[in-house]
Amino acid sequence: MELITILNRCHRFRGFVYQHAHFSADKKSIEVAVRPRKGSAAVCSCCHLPAPGYDQLAERRFEFIPLWGFLVFLLYTMRRVNCHRCGIVAVEEVPWGNGKRTLTKAYMLFLARWARRLSWKETAEAFRTSWDKVFGAVEHVVTFGLEHRVLGQIDAIGVDEIQYAKGHKYLTLVYQIDLDVTRLLWVGRERTIESFRGFLTVIGDELASKIVFVCSDMWEPYLKVIREKCSEALHILDRFHIVAKMNKALDEVRAGESRRIASEGGVPVLKKSRWLLLKREENLKTEQRFRLRDLLRYNLKTVRAYLLKEAFQQLWDYNSPAWAGKFLDDWCRQVMRSRIEPMENIARSLRQHRELILNYFRAQKLLSSGVVEGLNNKAKVTMRKSYGFRTFRCLELALYHSLGKLPEPQSTHEFF
């Protein structure tokens, strides 16, 4: 079976003919000559309609998917057309290429799919191409996907921020977290009001008004935009961030009391106790359980803060918003009498956002930001895979490519 036969089987286009294939002078690549079929008209690259020919340009090389370790190039002499509809002389449009890119569409899709599995650098090395060409391939596929994706009805969204570089540089990520669809919808620079509003501007007021549930943390810029643009949605505060803030407060109490005991020359009972206190009791090993039991015998602020933190976990066992609200009020009153400042700050914050916390129960516990945290972890893996991207554009493309579930361009054949 000849190479021309294979190409006609997997990469054939009407109006064009594969003439012949031969090795290059250095025997490291295969060159396939392509010519227009006799009687076929060139297509204007502006209006995408047939137009009369004008003249020819120099031969161009389009890089195709490598075959058996050989680079493959399609050689084609581009025609220019005199398009009366556009009123200009333009270079023809070829079905296997895109503008002035040197890669064929099939090869760009091939590289982009591998770039989802490997880092961009590893993809470039595996197929003996450059990092810039892999970037261009991912950009082509993501741009096509964003232009052709169908948002449809969005019932639930989750918004969160992740740090992507040193110096408090953050991204705002908005996910669709419907029960049957989870995907990345928006990547915004920084965690500001403008970055979140950018997402709502993209989807439009009509679609934003139909959002039923919104999950977020207690970051005030997000809360403000949600109140303005999604006032009809049930806003659910992220339980994972609440627990994280409580753990941070407990650790602050432990660290402060540990320093006080050391300065007074007391027995360092809190030494190496950080993870004993921060872990859930059911996740502790047997030895750690015994150490925790001994630690809880001491009358320390850290012990009281730990017991308050553990007692708070009962909130998530309730099903009724009314009973959950009663428990939350009682817990906050108990904390305010404890005279433990970091825990008191947590109680004040919970009181301030009481109704948003209870929305978790009003939504019958069907939605939480647990899905968002999982997607955030995938986003961090995407960034870590390339040891960080140098520009926001690269990071944006990589995240959409990995998490956006975007439609891909049609291909003449499913190349592995």
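Just so we're clear, the structure is a prediction, and the values are computed from it rather than from any experiment.

So, how was this worked out
- Residues numbered from 1 in each chain as written.
- Predicted model: local features only at pLDDT ≥ 70, side-chain atom pairs only at ≥ 80, totals over all residues.
- Heavy atoms only, no water.
- Core = buried A, V, L, I, M, F, W, Y, C linked by side-chain atoms within 4.5 Å.
- Buried < 20%, exposed > 50% of the residue type's maximum accessible area, 1.4 Å probe, protein only.
- Helix = DSSP H or I, 4+ residues; strand = E, 2+ residues; numbered from the N terminus.
- Contact = heavy atoms within 4.5 Å.
- Expected span 1.5 Å × (residues − 1).
- Salt bridge = Lys/Arg side-chain N within 4 Å of Asp/Glu carboxyl O.
- Polar contact = N/O pair within 3.5 Å; in protein donor to acceptor, adjacent residues only side chain to side chain.
- Phe/Tyr/Trp six-rings, centres within 6.5 Å; stacked < 30°, edge-to-face > 60°.
- Lys NZ or Arg CZ within 6 Å of the ring centre and 35° of its normal.
- 1 Å grid on protein atoms, 1.4 Å probe; cavity = no way out; pocket = protein on both sides within 12 Å on 5 of 7 lines; lining within 4 Å.
- Points joined across faces, edges and corners; volume = space filled by probe spheres on them.
- Nonpolar A, V, L, I, M, F, W, Y, C, P; charged D, E, K, R; others polar.

Now for the nonpolar core. Of all hydrophobic cores here, the largest spans 96 residues; its most connected members are Trp-120, Trp-331 and Leu-350. No other element matches helix α16 (residues 392-403), which puts eight residues into this core. Not counting residues within four places of it along the chain, the set of residues in contact with Trp-120 comprises Ala-115, Trp-131, Val-134, Phe-135, Val-138, Ser-386, Phe-389, Cys-394, Leu-397 and Ala-398. Grouped together as the second largest cluster of nonpolar side chains are 28 residues, Leu-7, Val-32, Phe-62 and Val-72 included.

Counted at 1.5 Å a residue, the expected span for helix α2 (residues 105-117) with its 13 residues is 18 Å, and the 19 Å between its end C-alpha atoms agrees. Buried residues of α2: Ala-106, Tyr-107, Met-108, Leu-109, Phe-110, Leu-111, Ala-112 and Ala-115, and no others. Its buried side turned inward, α2 meets β5 (53-67), α3 (120-126), α4 (131-148), α15 (370-385) and α16.

A few words now on the pattern of salt bridges. Enumeration according to the criterion identifies 28 salt bridges in this entry. Residue Asp-294 is joined to Arg-293 by a salt bridge in which the shortest nitrogen-to-oxygen separation is 4.0 Å. Judged by relative accessible area, Asp-294 falls into the partly exposed class, the value being 34%. Notably, a salt bridge pairs Glu-355 with Arg-354, separated by 2.8 Å at the nearest N-O pair. The class of Glu-355 is partly exposed, set by a relative accessible area of 41%. Among the charged side chains, a salt-bridge network with shared partners connects Arg-101, Glu-139, Arg-393 and Glu-396.

This paragraph deals with the side chain of Gln-176. With respect to the secondary-structure elements, Gln-176 resides in strand β9 (residues 169-177). Residue classification places Gln-176 among the buried residues on the basis of a relative accessible area of 2%. Side-chain polar atoms of Gln-176 contact the side chain of Asp-178, separated by 2.8 Å. Side-chain polar atoms of Gln-176 contact the side chain of Arg-183, separated by 2.7 Å. If near-sequence neighbours (up to four positions away) are discounted, Gln-176 is found in contact with Gln-153, Ile-154, Ala-156, Val-181, Thr-182, Arg-183 and Leu-185.

Here the focus is the packing of aromatic side chains. In the structure shown here, the tally under the stated rule is 21 aromatic pairs. Ring centres 6.5 Å apart and planes at 10° place the aromatic pair Phe-196 and Phe-199 in the stacked group. You can see Phe-196 and its partner Phe-199 sitting in helix α5 (residues 193-203), three residues apart, about one turn around the helix. Residue Phe-196 is classed as buried on the basis of its relative accessible area of 0%. Counting every residue linked through ring pairs, the aromatic cluster contains Phe-13, Phe-16, Phe-62, Tyr-76 and Trp-96. One cation-aromatic arrangement involves Arg-191 over Trp-219; the distance from NZ or CZ to the ring centre is 4.0 Å. Over the aromatic face of Phe-240 sits the side chain of Arg-239, whose NZ or CZ is 5.7 Å from the ring centroid.

Moving on, we come to empty space enclosed by the protein. The final tally for this structure, using the stated rule, is four cavities of 30 Å³ or more. Volume-wise, the largest cavity comes out at about 70 Å³. What lines the largest cavity is Asn-8, His-11, Arg-12, Phe-13, Phe-16, Val-17, Tyr-18, Val-34, Leu-74 and Trp-96. Ranked by the residues each element gives to the lining of the largest cavity, the list is headed by strand β1 (residues 16-23), at three residues. Partitioning the lining of the largest cavity into residue classes produces seven nonpolar, two polar and one charged. Here the second largest cavity defines a volume of roughly 60 Å³.

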